[in-house]
Amino acid sequence: MKFFLLSAFLCINMSTYCQDTLTIKDISAAERVIGLQFKQAERDSLFDDVQNSVKEYNKMRQYKLDNSVPLSTWQTPVLPGMQFNSKQDRVTWNIPNNITIPKNKNELAFYSVLELACLIKNKKISSVELTKFFIERLKKYGDTLQCVISITETIAMQQAEQADAEIAVGKYRGPLHGIPYGLKDLFAVKGTKTTWGAAPYKDQRIEEDAFVYTKLKEAGAVLVAKFTLGALAMGDYWYGGRTKNPWNLQRGSSGSSAGSTAATIAGLVPFAIGTETWGSIISPATNCGATGLRPTFGSTSRTGAMALSYSLDKIGPICRSAEDAAIVFNFTHGTDGKDQAAVNMPFNYTGKVDFSKLRIAYAKNYFDRGDTLGNELKVLEVYKKLGAKLIPVDFPDSTVYNFDIMGTIISAECAAQFDEFTRSEMDDVMTRQRKGDWPNQFRSARFIPAVEYINAYRHRYLLMQKVNAVINQYDVFICPTYGGNQVAITNLTGHPALCFPTGFNKNKLPTNITLVGNLYSEATLLAVAKAYQDATDFNKLHPDFFK
């Protein structure tokens with residue numbers, strides 16, 4: 001009813017705003033925000049109801065809601081009638097046998113996961129030695145990049161020693177066994193700080209192990225660090241500074257998976273884990289030249305991760321190659337049953353691709369704009385040489401995305417997750433207070449009408465139908481990463497996306513391309529990207545300062 005919508009607007013700031021402060025004039029002021037105009041008799045009639053609603057809102061605010069409390073409704077990218085393969089095949093990893101320790105030990109920093117796995121499995125280097133090597137690099141370069149929140153040295157050495165002991169008796173868990181890595185510091189790990197990159201939480205400890213950390217621990221991987229993220233998962237500014245781009249230390253890495261990306265590209269870890277709500281894997285991977293996988297929504301349980309938006313948050317690997325990303329995703333996807341949006345879907349990766357059997361489209365409407373980089377066009381040429389028959393297709397954009405659906409949904413959900421943060425004025429402790437930063441964004445989100453938020457979801461459903469109708473006709477869609485509204489659209493629909501480096505621009509910074517796939521088609525995306533990376537060397541180039 002109308003009075004519920006009005007009451008939400010008449011009591012939006014602090015709990016001290018009570019019914020005694022309301023007047024009939026407040027009703028008419030709120031009408032301008034919600035785009036309605038009532039008659040005076042209607043205002044008189046609904047006023048008592050609004051006052052009573054405010055009483056109930058104030059009662060509700062007395063009960064604390066931790067960030068970990070989810071919604072009772074769950075987003076799914078699956079539309080009625082969709083069917084998927086449910087059989088998980090055996091995935092075989094071709095660990096080479098001929099890898100040796102380089103004369104210049106620093107080159108180890110940029111070995112692939114499989115190369116490092118060869119050294120570990122064949123006892124050419126111990127996990128303890130490799131872990132100490134990467135910890136030394138973290139200590140040497142972490143401050144330069146401003147990418148490290150904490151080095152988990154005690155945990156790392158315990159896990160490395162355990163890995164060596166297991167491998168010594170023939171208990172080899174697979175290609176991640178004994179391999180160091182880092183987590184974005186919004187994942188809880190017992191015995192560590194989990195700061196969310198924000199000053200109000202810089203000493204926060206959450207005595208819980210996140211699902212993704214548990215999965216990596218089971219795979220035998222070694223946690224060496226927790227990395228910076230933009231405060232509360234926005235941008236690359238955190239409470240200790242700004243995370244740098246390894247290719248140009250005068251620039252930021254972008255965010256919010258800022259530290260995970262910068263550290264991986266600088267060779268401080270072989271791989272790291274990031275999250276994305278709206279570009280937080282894709283953006284830093286693009287700017288730093290990483291291979292970043294944003295999986296299908298719900299592919300990995302978010303238990304133990306800071307919640308920003310329950311209908312949009314996703315977890316994915318940040319690596320230097322598609323094959324590394326495939327290995328990490330293989331061991332981290334799935335659900336523990338606690339995140340009801342997460343599912344167990346098969347990941348049948350082979351790394352092989354027959355281009356004669358794939359329908360690969362490229363976003364003609366994005367490429368035709370004339371503002372794409374030459375490197376993006378060269379990507380198409382590489383795929384043609386590999387045997388792909390590229391089909392020009394307009395990616396569904398302006399025809400299906402006519403207003404800012406993402407802005408409405410993400411703003412309302414993020415503000416709700418940090419409701420107490422705003423009401424308690426904890427937001428005043430945040431290091432950045434610009435208009436575009438979270439403190440102001442959370443406040444302004446209070447003015448989103450409940451009806452408009454719900455209707456944005458209904459439009460999201462229509463968007464999912466329209467986008468799937470196009471994407472489902474193809475196996476892969478090649479898109480300029482920032483062509484139109486692609487990043488917002490595919491985050492809303494839940495489709496997987498994989499971005500990877502394609503060269504450098506005139507400023508000697510990495511350029512990038514994105515592959516978009518069907519729901520749960522990560523194996524295909526990664527294989528198609530691997531084919532490109534096998535034919536080029538862009539993902540094998542590393543910033544000179546960190547070699």
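Residues numbered from 1 in each chain as written. Predicted model: local features only at pLDDT ≥ 70, side-chain atom pairs only at ≥ 80, totals over all residues. Heavy atoms only, no water.

Brief notes about the overall build of the protein chain
For step 1, the next point in the chain: Tallying secondary structure elements over the protein chain gives 18 helices and 15 strands in all.
For step 2, the next point in the chain: The 547 residues of the protein chain split such that 59% are buried.
For step 3, the next point in the chain: In the protein chain, once contacts between residues fewer than 6 apart in sequence are set aside, the share between residues at least 24 apart is 76%.
For step 4, the next point in the chain: Approximately 23,100 Å² of the protein chain is accessible, and the part contributed by carbon and sulfur atoms is 50%.
For step 5, the next point in the chain: Of the side chains in the protein chain, 61 bear a positive and 53 a negative charge, and the two mean positions are spaced by 5 Å. (Helix = DSSP H or I, 4+ residues; strand = E, 2+ residues; numbered from the N terminus. Buried < 20%, exposed > 50% of the residue type's maximum accessible area, 1.4 Å probe, protein only. Contact = heavy atoms within 4.5 Å. Areas by Shrake-Rupley, 256 points an atom, 1.4 Å probe, with all protein chains shown as cover. Lys, Arg positive; Asp, Glu negative; His and termini not counted. Charge placed at Lys NZ, Arg CZ, Asp CG, Glu CD.)

Description of the state of the cysteines
For step 1, the next point in the chain: Going through the model one piece at a time under the given rule, you end up with 0 disulfides.
For step 2, the next point in the chain: Cysteine 499 provides the cysteine sulfur closest to cysteine 479, a residue in no disulfide bond, and the two sulfurs are 12 Å apart.
For step 3, the next point in the chain: When its relative accessible area of 0% is taken as the criterion, cysteine 479 is described as buried. (Disulfide = S-S within 2.5 Å.)

Here we look at the packing of aromatic side chains
For step 1, the next point in the chain: Inspection of the entire model under this criterion finds 27 aromatic pairs.
For step 2, the next point in the chain: Judged by centre distance (5.3 Å) and plane angle (5°), the rings of tyrosine 181 and phenylalanine 271 are stacked. Residue tyrosine 181 is found in strand β2 (residues 180-184), and its partner phenylalanine 271 is found in the loop between α8 (258-265) and β8 (272-276); the two are separated by 90 residues along the sequence.
For step 3, the next point in the chain: Since its relative accessible area comes to 0%, tyrosine 181 is described here as buried.
For step 4, the next point in the chain: Judged by relative accessible area, which is 0%, phenylalanine 271 ranks as buried.
For step 5, the next point in the chain: Here the aromatic rings of phenylalanine 418 and phenylalanine 442 are separated by 5.5 Å at their centres, their planes lie at 10°, and the arrangement is stacked. (Phe/Tyr/Trp six-rings, centres within 6.5 Å; stacked < 30°, edge-to-face > 60°.)

Section: α8
For step 1, the next point in the chain: Most of α8 is tucked away: 8 of the 8 residues are buried.
For step 2, the next point in the chain: Considered for burial, the residues of α8 that qualify are Ala258, Gly259, Ser260, Thr261, Ala262, Ala263, Thr264 and Ile265.
For step 3, the next point in the chain: Looking one or two places after α8, you find glycine 267, whose phi comes out positive at around 75°.

Focus: helix α10 (residues 322-332)
For step 1, the next point in the chain: In terms of burial, α10 is a largely internal element, 10 of the 11 residues being buried.
For step 2, the next point in the chain: Of all the residues in α10, the buried ones are Ala322, Asp324, Ala325, Ala326, Ile327, Val328, Phe329, Asn330, Phe331 and Thr332.

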